[in-house]
Amino acid sequence: MSTIEFYDTNSQDFFDSTVNADVSGLYQPFISHLPAKARVLDAGCGSGRDSKAFIDLGFNVTSIDASAELAKAASEYIGQNVAVCTFDEIDTELEFDGIWACASLLHVEVNALPNTFNVLANTLVKGGVFYCSFKYGDQERNHNGRFFSDANEVRLQQWLSQTSLNIERTWITTDVRPGRDSEQWLNAILIKITQ
């Protein structure tokens with residue numbers, strides 16, 4: 001089973017377990033870089049939890065997810081269409097002030113991540129902000145039917161070395177979901193430095 005098939009098969013359980021997870025503490029470092037009515041891409045939006053929060057803040061949000069079933073559930077939740085596509089299939093004509101990739105790029109294989117970062121960065125305006133998060137570590141692994149690329153500060157820097165993205169800050173948080181407080185996450189704010 002592929003990771004996308006996992007989400008298609010388990011979409012309701014995943015939606016239910018994440019839609020109310022309180023990650024609002026992660027928003028401020030991201031939105032502090034955004035202009036009013038900013039165009040935001042929620043890349044791998046999952047349940048649509050963060051898309052809804054950004055819409056409620058007055059941002060112009062475009063949401064994508066590779067799982068058709070999750071995209072359907074998220075579309076209903078946020079009241080607007082979620083496009084079904086992978087990161088590499090993003091419409092290159094689109095332009096964003098910010099990209100939000102919360103716990104989504106971690107499903108991309110390590111050797112593909114530099115290119116994925118580049119594809120997404122190409123849709124960002126110069127000076128645009130890019131938030132991403134990975135489970136903290138330095139492995140590639142399969143866990144319960146899903147593939148993960150873990151990240152630490154060194155790995156993230158390596159993936160970004162050939163991109164237009166600069167790391168502004170990183171910080172580590174614990175998982176907010178019940179019973180997951182031993183899991184650590186690497187969060188990063190990246191800034192696009194060239195066009």
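For the structure itself, consult the block above.
Owing to the predicted nature of the structure, the values given are computational and were not obtained by experimental measurement.

Moving on, we get to the nonpolar core. Counting residues in hydrophobic clusters, the biggest one holds 32 residues, and the most contacted among them are Leu105, Phe117, Phe130, Cys132, Phe134 and Leu156. Only β1 (39–43), β4 (96–101), α6 (113–121), β5 (124–135), α7 (153–160) and β9 (184–192) provide two or more residues apiece to this core. The element best represented in this core is α6, accounting for five residues. Residues in contact with Leu156, not counting those within four places in the same chain, are Phe117, Cys132, Phe134, Ile167, Thr170, Leu186 and Ala188.

This next bit is on the packing of aromatic side chains. If you walk through the whole model with that rule in mind, you get 13 aromatic pairs. Residues Phe117 and Phe130 carry aromatic rings whose centres are separated by 5.5 Å and whose planes lie at 45° to one another, so their mutual orientation is tilted. In this pair, Phe117 sits in helix α6 while Phe130 sits in strand β5, placing the two residues 13 residues apart along the sequence. With respect to class, Phe117 is no different from Phe130; both count as buried. The rings of Tyr27, Phe30, Phe54, Phe59, Trp100, Tyr131 and Trp171 are connected pair by pair, giving a single aromatic cluster. Between Arg169 and the ring centre of Trp171, over which it is positioned, the NZ or CZ distance is 4.1 Å.

Moving on to the sheet that holds β9. One open sheet holds the seven strands; their spatial order is β3-β2-β1-β4-β5-β9-β8, and the pairing between them is mixed. Edge positions in the open sheet fall to β3 (83–84) and β8 (165–174), since each of these has one partner strand only. Sheet analysis places strand β2 (residues 60–65) next to β3, joined by two bridges and oriented parallel. Residue pairing in the sheet places Asp65 in a bridge with Val84 of β3.

Taken as a whole, this structure holds zero disulfides when the rule is applied. Free of any disulfide, Cys102 has its nearest cysteine sulfur in Cys132, 9.9 Å distant. For Cys102, a relative accessible area of 13% translates into the label buried.

A few words on the side chain of Arg146. Relative to the assigned elements, Arg146 resides in strand β7 (residues 146–149). It is Glu183 that comes nearest to the buried, bridge-free Arg146 among opposite-charge side chains, at 7.7 Å. Of the polar contacts made by the side chain of Arg146, one reaches the side chain of Tyr7; its length is 2.8 Å.

Of all 12 residues that make up β5, 10 are buried, and the element is covered over most of its length. Two strands pair when backbone bridges link them, and β4 and β5 are joined in this way by five bridges, in the parallel orientation. Bridge assignment links Trp100 to a residue of β5, and that residue is Tyr131. Note that the unit made of β4, α6 and β5 has a crossover that is right-handed. The pairing of β5 with β9 spans seven bridges and is classified as antiparallel. Pairing of Phe134 across the sheet is with Leu186, part of β9.

Bringing the environment of Gly137 into the picture now. In this fold, Gly137 is placed in the loop between β5 and β6 (140–143). Accessibility expressed as a relative area gives 17% for Gly137, which makes it buried. For the pair Gly137 and Ala21, spaced 116 residues apart in the sequence, the C-alpha separation amounts to 22 Å. Ignoring anything within four residues of it in the chain, the contact list for Gly137 reads Asp150, Ala151, Asn152 and Arg155.

Reading the values: the criteria
- Residues numbered from 1 in each chain as written.
- Predicted model: local features only at pLDDT ≥ 70, side-chain atom pairs only at ≥ 80, totals over all residues.
- Heavy atoms only, no water.
- Core = buried A, V, L, I, M, F, W, Y, C linked by side-chain atoms within 4.5 Å.
- Buried < 20%, exposed > 50% of the residue type's maximum accessible area, 1.4 Å probe, protein only.
- Helix = DSSP H or I, 4+ residues; strand = E, 2+ residues; numbered from the N terminus.
- Contact = heavy atoms within 4.5 Å.
- Phe/Tyr/Trp six-rings, centres within 6.5 Å; stacked < 30°, edge-to-face > 60°.
- Lys NZ or Arg CZ within 6 Å of the ring centre and 35° of its normal.
- Pairing = 2+ DSSP bridges.
- Disulfide = S-S within 2.5 Å.
- Lys, Arg positive; Asp, Glu negative; His and termini not counted.
- Salt bridge = Lys/Arg side-chain N within 4 Å of Asp/Glu carboxyl O.
- Polar contact = N/O pair within 3.5 Å; in protein donor to acceptor, adjacent residues only side chain to side chain.
- Right-handed = clockwise from strand over helix to strand, strands pointing away.

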